[in-house]
Amino acid sequence: MATIKIKQIKSKIGYPIDQKRTLQALGLHKISQVVEVEDTPSLRGMIKKVHHLVTIVE
């Protein structure tokens, strides 16, 4: 299956706990950290939930 790279571009400080946990579930802990994950519908939903904190790297 295809993979996508996700980069955290903003701090999670000041955001609700569910968004912080979503970032943890994606494997993101620091700003500018990049992780590569499988492209599944559930992960796309997680990315959509925190779209203001992350970006997809090409």
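Residues numbered from 1 in each chain as written. Predicted model: local features only at pLDDT ≥ 70, side-chain atom pairs only at ≥ 80, totals over all residues. Heavy atoms only, no water.

Trainee: Describe the overall build of the chain, listing the residues and the values that go with them.
Mentor: Of regular secondary structure, the chain possesses two helices and three strands. Put simply, the chain runs from its N terminus to its C terminus through helices and strands in the order β-α-β-α-β. The C-alpha radius of gyration computed for the chain amounts to 10 Å, which stays within 12% of the reference 10 Å derived for 58 residues, consistent with globular compactness. Burial statistics for the chain: of 58 residues in total, 28% are counted as buried. For the chain, the computed accessible surface area is about 3900 Å², with 55% contributed by carbon and sulfur atoms. Placing the 10 positive and 5 negative side-chain charges of the chain at their respective mean positions leaves the two points 11 Å apart. (Helix = DSSP H or I, 4+ residues; strand = E, 2+ residues; numbered from the N terminus. Rg over C-alpha atoms; globule rule 2.2 N^0.38 Å. Buried < 20%, exposed > 50% of the residue type's maximum accessible area, 1.4 Å probe, protein only. Areas by Shrake-Rupley, 256 points an atom, 1.4 Å probe, with all protein chains shown as cover. Lys, Arg positive; Asp, Glu negative; His and termini not counted. Charge placed at Lys NZ, Arg CZ, Asp CG, Glu CD.)

Trainee: Go over unusual backbone geometry with me, naming the residues and quoting the values.
Mentor: Non-glycine residue S32 carries a positive phi angle of around 75°. By the secondary structure assignment, S32 is in the loop between α1 (17–26) and β2 (34–38). For S32, a relative accessible area of 48% puts it in the partly exposed group.

Trainee: Would you mind going over the pairing of strand β1 (residues 3–8) in detail, with residue names and values included?
Mentor: Burial along β1 is one-sided: I4, I6 and Q8 are buried, and none of T3, K5 and K7, which face the opposite way, are. Alignment of β1 against strand β3 (residues 54–57), held across four bridges, turns out to be antiparallel. Bridged to I6 within β3 is I56. (Pairing = 2+ DSSP bridges.)

Trainee: I'd like to hear about the sheet that holds β2, residue by residue, with values.
Mentor: One open sheet accounts for three strands, arranged β2-β1-β3; its pairing is antiparallel. Each edge of the sheet is formed by a strand with only one pairing partner; in this case those strands are β2 and β3. Averaged over all adjacent pairs, the angle separating strand axes in this sheet is 35°, with direction ignored. As paired strands, β1 and β2 are joined by five bridges and run antiparallel to one another. (Axes fitted to C-alpha atoms, helices over the stretch in contact; angles between N-to-C directions.)

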